[in-house]
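Structural characterization, general
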Amino acid sequence: MRTIIGSLCACLVFISSGANAAEKGLAIKGVRYFSYSGFTRIVFEAEEAAPYVLTKPGDGRTLHFSSYGGPFTVKVTQLPPINDGVVKGMELSQDGEHRSILITLGPAAGDTKDFVLRGPDRIVVDVLRGTAIAPSPEAPGAKAPVIVLDPGHGGAETGIVTGQGVEKALMLELALTIKRILRKSGTRMTVVLTREQDQAATHDERAALANTSGAFLFVSLHAAQGSAGRVFILDPDEGQSSPSAGRPSDFLGFDAVSEQQQMLWGTQQAGHSQESGRLGRNIARALAGREGTEPAQAPLAQLKAVDAAAVLIEAGTAMSRVKAAEAIAQGIEQYVREKR
Amino acid sequence: MTIMALVLIVAGGGGYLWFRMAGGPQAVSSVQQEAQTTAPAARPDEPFMATLFVPADGALGNVIVAVKRHPELQLQAREVVAALFAADQGKRASVVNELRLRALYLDASWTVTVDLSAASPNQKEIRASAEDELLAVYALVNTLTQNFPEVRQVRLLMDGRVTQTLAGHIDLSRAYVKRTDLVKNQ
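Residues numbered from 1 in each chain as written. Chains lettered and ligands numbered in written order. Predicted model: local features only at pLDDT ≥ 70, side-chain atom pairs only at ≥ 80, totals over all residues. Heavy atoms only, no water.

**A word on the pairing of strand β2 (residues 59–67) of chain B**
Residue and element names in this part refer to chain B. Bridge count between strand β1 (residues 48–56) and β2: nine bridges; the pairing is antiparallel. In the sheet register, threonine 51 faces β2, and the bridge partner there is isoleucine 64. Where β1 folds back onto β2 in an antiparallel hairpin, the turn is made up of two residues, including aspartate 57, whose phi is positive at roughly 50°. (Pairing = 2+ DSSP bridges. Helix = DSSP H or I, 4+ residues; strand = E, 2+ residues; numbered from the N terminus.)

**Comments concerning the sheet that holds strand β17 (residues 296–298) of chain A**
All names here are of chain A. Strands sit in the order β14-β11-β15-β18-β16-β17 across an open sheet of six strands; the sheet is mixed. Taken across any chain shown, the strands that pair with only one partner, and hence form the sheet edges, are β14 (190–193) and β17. Strand-to-strand twist of the sheet, defined as the mean angle between neighbouring strand axes without regard to direction, takes the value 30°. Bridge analysis of strand β16 (residues 229–234) against β17 gives three bridges, and the strand direction is parallel. Looking across to β17, one finds that leucine 234 is bridged to alanine 298. Where helix α6 (residues 273–288) meets the sheet, it contacts β15 (215–224), β16 and β18 (309–316), and its direction lies at approximately 25° from that of β18. (Axes fitted to C-alpha atoms, helices over the stretch in contact; angles between N-to-C directions. Contact = heavy atoms within 4.5 Å.)

**Quick notes on the interface of chain B and chain A**
Contact with chain B, which involves 24 residues of that partner, is made by 31 residues of chain A. The tally of links between chain B and chain A comes to four salt bridges. The salt bridge involving aspartate 235 of chain A is made with arginine 174 of chain B; its shortest N-O contact spans 3.1 Å. Those elements giving two or more residues to the side of chain B that touches chain A turn out to be α6 (130–147) and β5 (153–158) of chain B. Of the residues forming the side of chain B that touches chain A, the biggest block, four residues, is contributed by α6 of chain B. Residues belonging to the side of chain B that touches chain A are distributed by class as follows: nine nonpolar, seven polar and eight charged. (Salt bridge = Lys/Arg side-chain N within 4 Å of Asp/Glu carboxyl O. Nonpolar A, V, L, I, M, F, W, Y, C, P; charged D, E, K, R; others polar.)

**A look at the nonpolar core**
Grouped together as the largest cluster of nonpolar side chains are 69 residues, with contacts concentrated most on Leu300 of chain A together with Val114, Leu116 and Leu144 of chain B. For this core, the element with the highest residue contribution is α6 of chain B, accounting for 10 residues. When residues of this core are sorted by domain, at least three fall in each of domain 1 (17–129) and domain 2 (146–339) of chain A. Not counting the four nearest positions on each side in its chain, leucine 116 of chain B is found in contact with Phe85, Leu99, Arg100, Leu101, Arg102, Leu140, Leu157, Met158, Asp159 and Leu166 of chain B. Grouped together as the second largest cluster of nonpolar side chains are 37 residues, Ile160, Ala223, Ala309 and Ala315 of chain A included. (Core = buried A, V, L, I, M, F, W, Y, C linked by side-chain atoms within 4.5 Å. Buried < 20%, exposed > 50% of the residue type's maximum accessible area, 1.4 Å probe, protein only. Domains from an automatic or database assignment.)

**Description of the confidence of the model for chain A**
Residue and element names in this part refer to chain A. Considering every residue of chain A, the mean pLDDT works out to 82; 81% of them sit at 70 or more. For residues 1–19, every residue scores under 50 in pLDDT, and the model assigns this stretch 34 contacts once sequence neighbours within four places are set aside. Here residues 238–258 is a poorly scored stretch, pLDDT under 50, and it has 47 contacts once near neighbours within four places are set aside; other chains count. (pLDDT = per-residue confidence, 0-100.)

**Quick notes on the sheet that holds strand β3 (residues 99–106) of chain B**
Residues and elements named next belong to chain B. Strand order in the open sheet made by the three strands is β3-β4-β5, with mixed pairing throughout. A single partner strand is all that each edge strand has here, and the edge strands are β3 and β5. With direction set aside, neighbouring strand axes in the sheet form an average angle of 25°. Examined bridge by bridge, β3 and strand β4 (residues 111–118) share seven bridges and lie antiparallel to one another. Along β4, the bridge assignment pairs alanine 103 with aspartate 115. Helix-sheet contacts for helix α3 (residues 73–86) involve β3 and β4, and the interaxial angle to β3 is about 165°. With respect to the sheet, α6 is in contact with β3, β4 and β5, its orientation differing from that of β5 by roughly 140°.

**With respect to the packing of aromatic side chains**
Per the counting criterion, the structure on display carries six aromatic pairs over all chains. Ring centres 4.1 Å apart and planes at 10° place the aromatic pair phenylalanine 44 of chain A and phenylalanine 65 of chain A in the stacked group. Of this pair, phenylalanine 44 of chain A sits in strand β3 (residues 39–46) while phenylalanine 65 of chain A is found in strand β5 (residues 62–67), placing the two residues 21 residues apart along the sequence. Of the two residues examined, phenylalanine 44 of chain A and phenylalanine 65 of chain A, each falls in the buried class. Look at tyrosine 138 of chain B and tyrosine 176 of chain B: their rings are 5.5 Å apart centre to centre, the planes differ by 80°, and that puts the pair in the edge-to-face class. In this pair, tyrosine 138 of chain B is assigned in helix α6 and tyrosine 176 of chain B in the segment after β5, connecting sequence segments 38 residues apart. The exposure class of tyrosine 176 of chain B is buried, given its relative accessible area of 1%. (Phe/Tyr/Trp six-rings, centres within 6.5 Å; stacked < 30°, edge-to-face > 60°.)

**Describing the side chain of threonine 158 of chain A**
Tracing the backbone through its elements, the reader meets threonine 158 of chain A in the loop between β11 (146–151) and β12 (161–162). Judged by relative accessible area, which is 13%, threonine 158 of chain A ranks as buried. When sequence neighbours within four positions are dropped, the list of residues in contact with threonine 158 of chain A reads His153, Val166, Glu167 and Lys168 of chain A together with Glu125 and Arg127 of chain B.

As structure tokens, then:
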């Protein structure tokens, strides 16, 4: 063991929770993560404040998170699937009687910070994006634009169910078809999917993946009854007085940088409204097969945190899926060609 | 001298009274002014005529229904929203049909909070397209803001909690104001 990072925090939690806390151990009831441009944040939701240790073994490529003294219980059936370049993954590790969560760091990982938040009790681990090993910026125009396709719903969230199938499966199939068409096109693009199988992902996780991938554009795919295709872009938020107003009560910020980023989270799309409109127009016209078709505006939860041109498409389940995929790919390709 | 002063006071007072009764300019308090500009109060047994915005054919149509009159705005708003959920047209709209009204609150900033829940206790997920979800949200928002001009904005909760969406698309972490472009021209 090279470094014991969490000893200070362990003591703080220990003191504030009473002398028996270490014997009770630490029970983790939830694990979440957020990918930001400068760091990845992992949040361990504790049942009760208790001492913990966060260690970084000699190779420096993993972090071990466990209780300090008492038993370490993880009441989560599945750890979230992180792979954002900074953190490569998380898994439960059992070494004899010692249990821990093993956090595997990615090639872009730098320093690590950890701290405790109370009420509800959380242990927050921030893995900063390291500047020394970050990929060097390429010359402008050298990098293929990243197209993020987001097949809607997934896991327990099925979406609408029609005679043609379940929305989550139909949209995954549609996304894979669009990806194939885009790869065959003459325009150089890197296509990334927010999910490649039937798995649940929150809107924030999908947006975070797009943002950390350096998305050039983001297309969320959804289904609706009927044979028409509709395109939506995010509407201006008339009812919200400030960027931080109405945020969910999971404020995690602690230091100034994180706090600022947390406040801005969910407002990223505001800076891309014109480009989203342009992308939406291209796709709406390709889907409708006629000029003059415009995207509709809606307060979409999927798009507000995406830091790129972003649209949500509703493909009618009675539409030919291949034709829908071709039209969407055509609209994307046209937008990319116009912008490069 | 004293008698002259008394005569002048009485004459002045009489003149002032005559001037007031003859309809001359009067100082009107803001309360009186408000009372004058609002319609005469309806009788308690008179129904409240509510305009409901119901999703139909990709837009919001409006229907006028008579609902029970209540003396308080919060109770009246609840009655109107309950009528929206009970309306035949509302029942045909997929999302509205899958929801029920739990509670409705009006706060001091004239924000109405509508607390909803799934119509069936066994229902784990509300399944709807983004368009249907959008129309359901604005059916509530437009109904409340149209019938009660005092209402500044509307927030929606599910089962008493702030939730991200109803059916996976429309952001419920924000408050909403009336949107007229979704209303069908009739």
